[in-house]
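These are the residues of each chain, in order.
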Amino acid sequence: MTQTAIYFDNSFKDHVSTLDYPERTDRVKNIIDLINKEEFKNLSILKPDQVGYSHIYAAHDKEFVDDTLNRFPKDEKIVFLDQETPVSIGSFDATLRAAGAGINAADNIINGNFTNAFCIVRPPGHHACYDRSMGFCVFNNVAIAAEYLISKYGLENIAIIDFDVHHGNGTQDIFYKNSKVHYYSTHQYPLYPGTGDINEIGVGNIVNVPLKAGTNSSQYHLAFDEIVLKKLHDQKPDFLIISAGFDAHEKDPLASLNLVENDFKLITQKLMSIACQYCDNRIISMLEGGYDIQALERSMIAHIRELQNYDTNS
Ligand SMILES: [Zn+2]
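Residues numbered from 1 in each chain as written. Predicted model: local features only at pLDDT ≥ 70, side-chain atom pairs only at ≥ 80, totals over all residues. Heavy atoms only, no water.

A word on the layout of surface pockets. When its volume is computed, the largest pocket comes out at roughly 170 Å³. If you go around the largest pocket, you meet 16 residues; those closest to its centre are His127, Phe136, His166, Tyr192 and Leu254. Taken together, the residues of the lining of the largest pocket sort by class into seven nonpolar, five polar and four charged. (1 Å grid on protein atoms, 1.4 Å probe; cavity = no way out; pocket = protein on both sides within 12 Å on 5 of 7 lines; lining within 4 Å. Points joined across faces, edges and corners; volume = space filled by probe spheres on them. Nonpolar A, V, L, I, M, F, W, Y, C, P; charged D, E, K, R; others polar.)

Encoded structure:
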């Protein structure tokens, strides 16, 4: 069995490729070359399929999905789905393959072809709500993957861990009353999108860890261990999905937490240990934010290095 699948497609470079915007093509332009340079021994790079519409409908309002798909431009103009969510002619294929990566990863991991997967996708997903695109996110990639694991494979106890610096309001919205999915988020607070208060608990399945601007590595890990890891041990999930945003990095221009690459390595190690104890090691990780290009590239490599490292860590 191959340890790690990397899902990537060149269409992810074609999403709003002409726009000078934080969520831009440069974020993923070099990543496959960088992965190849690492000469990972137990990794496959795969092209994701387009998601079937029925899988998007499982996480989102059908009317919203159909309306959104009709709004993608068919010429060179840029359309804004909300104030911060532009789409271009290349976005249609990218959006469908970004969500499709989670579906492909789910099938391959459940069927034993891979242990874990990192989907290096654009557009990201965690701000996309049940009936609304927002914050660079068209559809909610991790939510679509979780709904698929529930409907196709009958899983009933999934954990989504979101370490992006922004609160994943969309993921929380979609699963707020669904106890089959527990959602854990560490995020700077207050910050965009404004949600993620500690009192937002859903049906006991939502765990928000709001962090002050300036939070450093040791403060972050204290909160992560004391709250997120403890609650994960209580939950004993059968599958881990990670909303992997790397914008809590100290160099990130959109936020003010002070993590470094090594922290993403440690977070990944900790989540691998949970997956080892409860999930038969199964993890789907999907890229969310991260806007300093070099910090993002180094952090993604640190994340992949740990996903590769199961044998030596356990
Ligand atoms: Zn973010």
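Having seen the structure, we can now continue with the description.
The coordination sphere of the zinc ion, as far as protein atoms go, consists of Asp164 (OD), Asp164 (OD), His166 (ND1) and Asp247 (OD), spread over 2.0 to 2.8 Å. Here the donor residues for the zinc ion map to a single chain with the spacing D-x1-H-x80-D. Of this pair, Asp164 sits in the loop between β6 (158–162) and α8 (169–175) while Asp247 sits in the loop between β9 (239–244) and α10 (261–278), and the two are 83 residues apart along the sequence. Judged by relative accessible area, Asp164 falls into the buried class, the value being 1%. (Donors = N, O, S within 2.8 Å, 3.2 Å for Na, K, Ca; no water. Helix = DSSP H or I, 4+ residues; strand = E, 2+ residues; numbered from the N terminus. Buried < 20%, exposed > 50% of the residue type's maximum accessible area, 1.4 Å probe, protein only.)

This brings us to the packing of aromatic side chains. Under the counting rule described, the total for this entry stands at twelve aromatic pairs. On the numbers, 6.3 Å between centres and 75° between planes, the contact of Tyr21 with Phe80 is edge-to-face. Of this pair, Tyr21 sits in the loop between α1 (11–14) and α2 (26–29) while Phe80 sits in strand β3 (residues 79–80), placing them 59 residues apart in sequence. Overall, Tyr21 belongs to the buried group, its relative accessible area being 16%. Judged by its relative accessible area of 38%, Phe80 is partly exposed. For the ring pair Phe118 and Phe246, a centre distance of 6.5 Å and an interplane angle of 85° mean the geometry is edge-to-face. Of this pair, Phe118 sits in strand β5 (residues 114–119) while Phe246 sits in the loop between β9 and α10, and the two are 128 residues apart along the sequence. Of the two residues examined, Phe118 and Phe246, each falls in the buried class. (Phe/Tyr/Trp six-rings, centres within 6.5 Å; stacked < 30°, edge-to-face > 60°.)

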